Amino acid sequence: MDNVLIVSEKEETLSRLSALLETLPQVRVQAAVDAESAMSCAQGADPALVLIAAPLDGTEELCRGLLDNTYASVVLLCTKGTPPDGVIALADSTAPPQLLQLLQITLQSRRRFLGLRTENAALHNKLSELRLVNRAKCVLIQYLGIGEAQAHRYIEKQAMDRRMSRTEIAREILKTYEL
């Protein structure tokens, strides 16, 4: 479920945008009436999307704060002006069907981004594990005078026999031979 935060000083705008967003599946809508409450809400709720209806005091600072401190997509509904980098700006006169379509695309893009971020973290972990195992192999080659294939087999066999991961075996080897 995606959290969406709507920020507007006007109650009418909040209710209109809330009603529009509640038509989307898997969306939980929250509202804030000023930049300060929006920032505290965003830090607690981890929104997927923050929809800001201008004019709003502190809009630029709020946008920068959201971009710096959250992974939320930020959409600014305004009549004029240039938004900060990274903020999607739309005319506040955008028709509801087009606005809804853009918000759906924005939410899908964020989901893709989070999936890629998770995959990237997993690849970084795998790479650090491989580096650790390779360092352990080098230590075995250096101190035991065996070949790389033998060092590899030794680590694999120890991991299998002791029901431990190759990474744990590599750490033990490094602890034993390196000071």
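Because the structure is predicted, anything quoted here is derived from the model rather than measured.

### Observations regarding the nonpolar core
Grouped together as the largest cluster of nonpolar side chains are 20 residues, with contacts concentrated most on Leu-17, Leu-21, Leu-51, Leu-99, Leu-103 and Leu-107. When residues of this core are traced back to their parent elements, those giving at least two are strand E1 (2–7), helix H1 (11–21), strand E2 (27–32), strand E3 (49–53), strand E4 (73–78) and helix H4 (96–144). With near-sequence residues (within four places) excluded, Leu-103 lies in contact with Leu-21, Leu-49, Leu-51 and Val-75. Counting 18 residues, the second-largest nonpolar core is a separate cluster that includes Ile-52, Leu-56, Leu-66 and Leu-76.

### With respect to unusual backbone geometry
Peptide bonds are, in most cases, trans, and in most cases residues other than glycine have a negative phi. Looking along the chain, the bond that leaves Ala-54 and enters Pro-55 is cis, with omega of 0 degrees. With phi around 60 degrees, Gln-26 is a residue other than glycine that occupies positive phi space. As for its placement among the helices and strands, Gln-26 is situated in the loop between H1 and E2. Positive phi outside glycine occurs at Arg-163, with the angle close to 55 degrees. Structurally, Arg-163 can be placed in the loop between helix H5 (148–162) and helix H6 (166–177).

The rules behind each value
- Residues numbered from 1 in each chain as written.
- Predicted model: local features only at pLDDT ≥ 70, side-chain atom pairs only at ≥ 80, totals over all residues.
- Heavy atoms only, no water.
- Core = buried A, V, L, I, M, F, W, Y, C linked by side-chain atoms within 4.5 Å.
- Buried < 20%, exposed > 50% of the residue type's maximum accessible area, 1.4 Å probe, protein only.
- Helix = DSSP H or I, 4+ residues; strand = E, 2+ residues; numbered from the N terminus.
- Contact = heavy atoms within 4.5 Å.

On their own, these measurements won't tell you what the molecule is for.
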